[in-house]
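Each chain, letter by letter, is given below.
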Amino acid sequence: MLLSDLQIAMSRRDKNEYFLSVAKTIAFGSKCPEGKQHGAIAVRGQRMISTGYNGPAAGVTHCGNPCPLDKFKQENNGAKNFALCPAVHAEINVIVTAARFGTALEDAIFYVTKRPCDKCHTVLKNLGLAGVVFPQDEEEDTGVHFLILGPELNQIIELEY
């Protein structure tokens, strides 16, 4: 009997670490400042079917340094204004890449270098994914990973190995 991708994600630490390390490597493609580089991959049948990292939309100039988010934060007592950021998130770029090449994402598992933001989470709910795996703390991956699953990606569990 073949295990589903979801069963593998819930039981095999080595596969989760492998795919998360690939997502971290993909993040190096981002030209965003250090610490703001994020990557994501979609996996189905234990194969990577799409990848993406955060950055400006195709043809849009990168915002450069300093990052407008950091500048706003410094000038406004730590407040954040994500509307200033021209970057397309890694998860969305995975979806865009898959769409451009005609790759279906249904039943795939997304591996992302940080927990998806609320907007990305909402988009991911509509894909019919098997799950989303991300590290507990993207700054220092302690080996604790989480999986969001369920038809609406609303049940979060800590993966225990």
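Residues numbered from 1 in each chain as written. Predicted model: local features only at pLDDT ≥ 70, side-chain atom pairs only at ≥ 80, totals over all residues. Heavy atoms only, no water.

**A few points about the overall build of the protein chain**
Line of reasoning, step 1. Summing up its helical and strand segments, the protein chain has 5 helices and 8 strands in all.
Line of reasoning, step 2. N-terminal to C-terminal, the α/β element order of the protein chain is α-α-β-β-β-α-β-α-β-α-β-β-β.
Line of reasoning, step 3. Contacts in the protein chain between residues at least 24 apart in sequence constitute 54% of all its contacts with a sequence separation of at least 6.
Line of reasoning, step 4. Accessible surface, the protein chain as shown: approximately 9,400 Å² in total, 51% of it carbon and sulfur. (Helix = DSSP H or I, 4+ residues; strand = E, 2+ residues; numbered from the N terminus. Contact = heavy atoms within 4.5 Å. Areas by Shrake-Rupley, 256 points an atom, 1.4 Å probe, with all protein chains shown as cover.)

**Observations regarding unusual backbone geometry**
Line of reasoning, step 1. One non-glycine residue, Gln46, lies in positive phi territory at about 60 degrees.
Line of reasoning, step 2. As for its position among the elements, Gln46 is in the loop between β1 (39-44) and β2 (47-53).
Line of reasoning, step 3. We classify Gln46 as partly exposed; its relative accessible area is 28%.
Line of reasoning, step 4. With a phi close to 50 degrees, Asn77 is a non-glycine residue in the positive phi region.
Line of reasoning, step 5. Among the secondary structure elements, Asn77 is positioned in the loop between α3 (68-75) and β4 (87-88).
Line of reasoning, step 6. Among the residues examined, Asn77 registers a relative accessible area of 81% and is labelled exposed. (Buried < 20%, exposed > 50% of the residue type's maximum accessible area, 1.4 Å probe, protein only.)

**Observations regarding the side chain of Asn54**
Line of reasoning, step 1. Of note, Asn54 is situated in the loop between β2 and β3 (55-56).
Line of reasoning, step 2. The residues contacting Asn54, other than those within four sequence positions of it, are Ser30, Cys32, Lys36, Gln37, His38, Val88, His89, Ala90 and Asn93.

**Some words on the side chain of Thr113**
Line of reasoning, step 1. Relative to the helices and strands, Thr113 is located in the loop between β5 (109-112) and α5 (118-125).
Line of reasoning, step 2. Looking at Thr113, its side chain comes within polar contact range of the side chain of His38, at 3.5 Å.
Line of reasoning, step 3. Here Gly39 takes part through its backbone nitrogen, which lies 3.1 Å from a polar atom of the side chain of Thr113. (Polar contact = N/O pair within 3.5 Å; in protein donor to acceptor, adjacent residues only side chain to side chain.)

**Describing the pairing of β2**
Line of reasoning, step 1. By the bridge criterion, 6 bridges tie β1 to β2 in an arrangement that is antiparallel. Within the sheet, the bridge partner assigned to Val43 lies in β2 and is Met48.
Line of reasoning, step 2. Connecting the antiparallel pair β1 and β2 is a turn made up of 2 residues, with Gly45 showing a positive phi of about 60 degrees. (Pairing = 2+ DSSP bridges.)

**Describing the layout of surface pockets**
Line of reasoning, step 1. Taken as a whole, the largest pocket encloses approximately 910 Å³ of empty space.
Line of reasoning, step 2. Broken down by secondary-structure element, the contributors of at least two residues to the lining of the largest pocket are β1, α3, β4, α4 (90-100) and α5.
Line of reasoning, step 3. If you tally residues by element for the lining of the largest pocket, the top one is α5, at 4 residues.
Line of reasoning, step 4. Here the residues of the lining of the largest pocket are counted per class, giving 17 nonpolar, 7 polar and 11 charged.
Line of reasoning, step 5. Roughly 390 Å³ of volume is contained in the second largest pocket.
Line of reasoning, step 6. When residues of the lining of the second largest pocket are assigned to their parent elements, the largest contribution, 4 residues, is made by α4.
Line of reasoning, step 7. Taken together, the residues that form the lining of the second largest pocket break down as 7 nonpolar, 7 polar and 2 charged. (1 Å grid on protein atoms, 1.4 Å probe; cavity = no way out; pocket = protein on both sides within 12 Å on 5 of 7 lines; lining within 4 Å. Points joined across faces, edges and corners; volume = space filled by probe spheres on them. Nonpolar A, V, L, I, M, F, W, Y, C, P; charged D, E, K, R; others polar.)

**A few points about α4**
Line of reasoning, step 1. Buried within α4 are the following residues: Ala90, Glu91, Asn93, Val94, Ile95 and Ala98.
Line of reasoning, step 2. In this structure, the buried residues of α4 make contact with β1, β2, β3, β4, β5 and α5.
Line of reasoning, step 3. Of the residues flanking the end of α4, it is Gly102, one or two places downstream, whose phi is positive at about 70 degrees.

**A look at the packing of α4 against α5**
Line of reasoning, step 1. α5 packs onto α4 with a crossing angle of 30 degrees between their chain directions and a minimal axis gap of 9 Å. When the axes of α4 and α5 are compared, the pair comes out roughly parallel. Two secondary-structure elements touch here, α4 through Glu91, Ile92 and Ile95 and α5 through Cys120, Val123 and Leu124.
Line of reasoning, step 2. Here the residues of the contact of α4 with α5 sort into 5 nonpolar, no polar and 1 charged. (Axes fitted to C-alpha atoms, helices over the stretch in contact; angles between N-to-C directions. Parallel < 35°, antiparallel > 145°, perpendicular 65-115°, else oblique.)

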